[in-house]
Amino acid sequence: MAERTTTRTIDQTDTPVFEHGSELVAGVVEWYRAEARDLPWRRPDATPWAVMVSEFMLQQTPVVRVLPVYEAWLERWPTPAALAAEPVGEAVRAWGRLGYPRRAQRLHAAATAVEEEFDGVVPSTYEDLWSLPGVGEYTAGAIASFAYQKRHIVLDTNVRRVLSRAVSGVEYPAPATTPGDRRIATALLPEAAADAAEWAAASMELGAVVCTARAPRCDDCPVAELCTWVATGKPPYDGPPRRGQTYEGTDRQARGRLLAVLRDTHGSVPREELEAAWTRDVVQRERALASLVDDGLVMVLDGERYALAH
DNA sequence: AAAGCGTGGAG
DNA sequence: TCTCCAAGCTT
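Residues numbered from 1 in each chain as written. Chains lettered and ligands numbered in written order. Predicted model: local features only at pLDDT ≥ 70, side-chain atom pairs only at ≥ 80, totals over all residues. Heavy atoms only, no water.

## Concerning the overall build of chain A
Point 1. Within chain A, the regular secondary structure consists of 16 helices and 3 strands.
Point 2. By principal-axis analysis of the C-alpha atoms, chain A measures approximately 75 × 45 × 40 Å.
Point 3. Out of the 310 residues belonging to chain A, those deemed buried represent 43%.
Point 4. Taking the contacts inside chain A whose residues are at least 6 apart along the sequence as the reference set, 63% of them involve residues at least 24 apart.
Point 5. Carbon and sulfur atoms make up 53% of the accessible area of chain A, which totals about 16300 Å².
Point 6. The averaged location of the 44 negative side-chain charges in chain A is 5 Å from the averaged location of its 34 positive side-chain charges. (Helix = DSSP H or I, 4+ residues; strand = E, 2+ residues; numbered from the N terminus. Buried < 20%, exposed > 50% of the residue type's maximum accessible area, 1.4 Å probe, protein only. Contact = heavy atoms within 4.5 Å. Areas by Shrake-Rupley, 256 points an atom, 1.4 Å probe, with all protein chains shown as cover. Lys, Arg positive; Asp, Glu negative; His and termini not counted. Charge placed at Lys NZ, Arg CZ, Asp CG, Glu CD.)

## Topic: the packing of aromatic side chains
Point 1. Summed over the entire model, instances satisfying the criterion amount to 5 aromatic pairs.
Point 2. Pairing Trp41 with Tyr70 gives two aromatic rings, centres 5.1 Å apart and planes at 80°, and the pair type is edge-to-face. With Trp41 in the loop between α2 (21–35) and α3 (48–58) and Tyr70 in helix α4 (residues 63–76), the pair connects residues that are 29 residues apart, well separated along the chain.
Point 3. Taken together, the aromatic side chains of Trp73, Trp77 and Trp95 make up a single cluster linked through ring pairs.
Point 4. Its guanidinium or amino end placed over the ring of Trp229, Arg165 lies 5.0 Å from that ring's centre, counting from NZ or CZ. (Phe/Tyr/Trp six-rings, centres within 6.5 Å; stacked < 30°, edge-to-face > 60°. Lys NZ or Arg CZ within 6 Å of the ring centre and 35° of its normal.)

## Remarks on the UniProt feature "domain: HhH-GPD" (unreviewed entry) in chain A
Point 1. Sequence positions flagged by UniProt for "domain: HhH-GPD" (unreviewed entry) are, in local numbering, residues 57–209.
Point 2. Strand forms 0% of residues 57–209 and helix 66%; the C-alpha atoms that close the span are 18 Å apart. (UniProt positions renumbered as here; feature names shortened; annotations may be inferred.)

## So, the packing of helix α14 (residues 251–263) against helix α16 (residues 282–294)
Point 1. The interhelical angle for the contact between α14 and α16, taken along N-to-C directions, is 70°, at an axis separation of 9 Å. Between α14 and α16, the crossing angle belongs to the class labelled roughly perpendicular. α14 and α16 meet at a crossing whose hand is right-handed. Along its contact with α14, which presents Asp251, Ala254, Arg255, Leu258 and Leu259, the element α16 presents Gln284, Arg285, Arg287, Ala288, Leu289, Ser291 and Leu292.
Point 2. Among the residues forming the contact of α14 with α16, the class breakdown is 6 nonpolar, 2 polar and 4 charged. (Axes fitted to C-alpha atoms, helices over the stretch in contact; angles between N-to-C directions. Parallel < 35°, antiparallel > 145°, perpendicular 65-115°, else oblique. Left-handed = near helix turned anticlockwise from the far one by under 90°. Nonpolar A, V, L, I, M, F, W, Y, C, P; charged D, E, K, R; others polar.)

## Brief notes about the protein's contact with DNA strand C
Point 1. In the vicinity of DNA strand C there are 29 residues, among which Trp41, Leu58, Thr139, Asn158 and Arg214 approach most closely.
Point 2. Each atom of DNA strand C within 4 Å of the protein belongs either to a base or to sugar and phosphate, the latter forming 65%.
Point 3. Contact distances for DNA strand C include 2.8 Å between a sugar or linking oxygen and a side-chain N or O atom of Asp156.
Point 4. Looking at the surface near DNA strand C, the elements with two or more residues in it are α3, α9 (137–148), α10 (157–168) and α12 (193–209).
Point 5. Partitioned by chemical class, the residues of the surface near DNA strand C number 12 nonpolar, 8 polar and 9 charged. (Near = heavy atom within 4 Å. Polar contact = N/O pair within 3.5 Å; in protein donor to acceptor, adjacent residues only side chain to side chain.)

## Structural notes on the pattern of salt bridges
Point 1. Counting across every chain of the model gives 18 salt bridges.
Point 2. One salt bridge in this structure joins Arg182 and Glu137, with 2.8 Å as the shortest N-O distance. With Arg182 in helix α11 (residues 179–188) and Glu137 in helix α9, the pair connects residues that are 45 residues apart, well separated along the chain.
Point 3. Exposure remark for Arg182: the relative accessible area of 30% places this residue in the partly exposed category. (Salt bridge = Lys/Arg side-chain N within 4 Å of Asp/Glu carboxyl O.)

## Details of the environment of Pro222
Point 1. The topology assignment puts Pro222 in the loop between α12 and α13 (228–231).
Point 2. The exposure class of Pro222 is partly exposed, given its relative accessible area of 30%.
Point 3. Separated by 192 residues in sequence, Pro222 and Glu30 place their C-alpha atoms 8.6 Å apart.
Point 4. Ignoring sequence-local partners within four residues, the contact set of Pro222 consists of Gly27, Trp31 and Leu206.

## Describing the sheet that holds strand β2 (residues 298–300)
Point 1. Sheet architecture is open: 3 strands sit in the order β1-β3-β2, paired in antiparallel fashion. Of all the strands in the sheet, the pair left with one neighbour each is β1 (269–270) and β2.
Point 2. Summarising the sheet, β2 and strand β3 (residues 305–308) pair through 3 bridges and their orientation is antiparallel. In the strand pairing of β3, Val298 is matched with Leu308. (Pairing = 2+ DSSP bridges.)

Right, here's the structure in full:
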């Protein structure tokens with residue numbers, strides 16, 4: 001019985017995605033064991049809930065800004081149940097200036113779901129995790145991997161950039177995860193779950209501190225000799241222009257200003273106080289305020305006063 | 001599936 | 001100064 005041919009699917013070939021795959025993984029992991037930053041969510045005493053909190057906070061926000069908020073958060077809400085027991089507005093307030101306050105709202109909703117659907121225990125499977133509000137492909141893999149040592153590809157912007165350069169020889173990855181990213185990550189994934197989990201952390205760390213977007217420190221890279229991008233002379237990015245996010249004068253900025261007023265005040269705020277927070281465009285202010293209410297971040301108490309939702 | 005969603009620091 | 005971008009998710 002030719003088992004080899006019967007188990008092979010039509011798009012598989014004998015050509016590996018990357019000749020130096022195992023060396024790449026080994027080199028990055030070895031470097032990680034020596035150089036990893038000591039981050040609180042990586043310590044042995046970090047609970048799955050702590051890992052989950054860190055992952056929510058780290059979605060689009062740098063480590064240094066997350067650290068103090070993370071510590072205060074876990075001190076106040078050491079379990080999902082503790083957070084679920086409080087109004088969403090308290091989560092939004094404690095979120096402070098991390099940005100994208102819907103993440104606080106979704107973390108609260110996720111805590112509630114953990115409490116109600118998973119007996120208060122942060123689920124350990126990829127599928128259950130992905131079912132939680134605010135948990136997508138990346139975060140599900142990250143929590144499964146870091147909190148439970150499961151074997152999953154973990155594709156964040158760091159890992160995608162590392163793979164883009166090392167494997168594909170391209171300076172920047174696509175704006176979002178592609179099937180090609182998944183194929184490469186899957187091919188590189190170590191067989192043993194514990195090894196896969198360590199590789200996930202290590203490849204993220206390399207992207208975060210060495211293989212950075214702006215000024216990669218290739219001289220300090222443990223796998224520069226294996227890197228396709230380096231080997232081909234670091235060709236500059238040659239794709240479609242990547243849209244930069246504007247911020248000044250946007251609805252997002254207006255929402256931010258309005259929410260900051262509510263965050264910094266306990267209880268409710270009179271409408272005039274919100275109006276004073278954004279005077280440059282009345283139409284925009286009203287649209288922003290309405291969207292905050294619509295999103296469930298803000299509550300209208302009577303037509304005159306506003307508060308963080310609960 | 002492209003666009004919306006905060007904020008602050010680094011180069 | 002100004003541009004880029006940082007452990008994405010949702011609709």
